[in-house]
Amino acid sequence: HRKQLQWLRRVDPDYLTSYPSNLEVLARLLQEEGGGKLPRLRAIQGISDPLSPEAQTLIEGVFGVPVKNT
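Since this is a predicted model, take the numbers as computed values, not measurements. Along each chain, residue indices are assigned from 1 in the same order as the chain's sequence is written. Local features in this predicted model are restricted to residues of pLDDT 70 or higher, and side-chain atom pairs are both shown and tallied only at a pLDDT of 80 or more, whereas totals for entire chains, interfaces and linings draw on every residue. Derived side-chain values reflect all non-hydrogen atoms in the structure, with water molecules and hydrogen atoms excluded from consideration.

Caption draft 1: Highlighting the nonpolar core. Definition used in this section: a nonpolar core is a set of buried Ala, Val, Leu, Ile, Met, Phe, Trp, Tyr and Cys residues joined via side-chain atoms within 4.5 Å. Residue exposure (1.4 Å probe, protein chains only): buried if accessible area is under 20% of the type maximum, exposed if over 50%, otherwise partly exposed. Of all hydrophobic cores here, the largest spans 19 residues; its most connected members are Leu-16, Ala-27, Leu-41, Ile-44, Ile-59 and Phe-63. Discounting residues that sit within four places of it in the chain, Leu-16 has contacts with Leu-8, Leu-23, Leu-41, Ala-43, Ile-44 and Gln-45. Residues are treated as being in contact if the distance between any of their heavy atoms lies within 4.5 Å.

Caption draft 2: Seen up close, the packing of helix α1 (residues 2-11) against helix α2 (residues 20-32). Their axes nearest at 10 Å, the elements α1 and α2 cross at an angle of 80°. Between α1 and α2, the crossing angle belongs to the class labelled roughly perpendicular. Along its contact with α1, which presents Arg-2, Gln-4, Leu-5, Leu-8 and Arg-9, the element α2 presents Asn-22, Leu-26, Leu-29, Leu-30 and Glu-32. For this scheme, ten residues count as nonpolar: Ala, Val, Leu, Ile, Met, Phe, Trp, Tyr, Cys and Pro. Four count as charged, namely Asp, Glu, Lys and Arg, and the remainder, Gly too, count as polar. Its residues assigned to classes, the contact of α1 with α2 shows five nonpolar, two polar and three charged. Lines fitted to C-alpha atoms define the axes here, with helix axes fitted over just the stretch in contact, and angles between the N-to-C directions of these axes take values from 0 to 180 degrees. The helix count covers DSSP runs of H or I at least four residues long, the strand count covers runs of E at least two residues long, and both are numbered beginning at the N terminus. Angle categories are assigned with fixed cut-offs, so that under 35 degrees is roughly parallel, over 145 is roughly antiparallel, 65 to 115 is roughly perpendicular, and the rest are oblique.

Caption draft 3: A look at unusual backbone geometry. At Asp-12, a position not held by glycine, the phi torsion is positive, near 50°. Tracing the backbone shows Asp-12 in the loop between α1 and β1 (15-18). Residue class for Asp-12 comes out buried when judged on its relative accessible area of 14%. Not every positive phi belongs to a glycine, and Ser-48 is a case in point at roughly 75°. By relative accessible area, which is 56% here, Ser-48 ends up exposed.

Caption draft 4: Representation of the pairing of β1. Along β1, the buried face is formed by Leu-16 and Ser-18; none of Tyr-15 and Thr-17, which line the opposite face, is buried. Taken together, the four bridges between β1 and strand β2 (residues 43-46) define a ladder with parallel strand orientation. Within β2, the position partnered with Ser-18 by the bridge is Gly-46. Taken together, β1, α2 and β2 form a β-α-β motif whose crossover is right-handed. What makes two strands pair is DSSP finding at least two bridges between them. Seen with the strands pointing away from the viewer, any crossover whose path from the first strand over the helix to the second strand runs clockwise is right-handed.

Geometric values such as these leave the question of function open.
In structure tokens form, the structure reads like this:
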């Protein structure tokens, strides 16, 4: 997951789509590293798996953007 976070920082995407469990791990890693949000990120889309209210709060808080789940 750390390599994925490094990649996301290099790419600096406008939107991010991933499984909620992966998004939660990435949010925790980013939080552990003291933040450093992705400047261009505007929204996150969770796919396939359910997104718990706690995970949504964590992800939105750490990344600073809204999370939608489909």
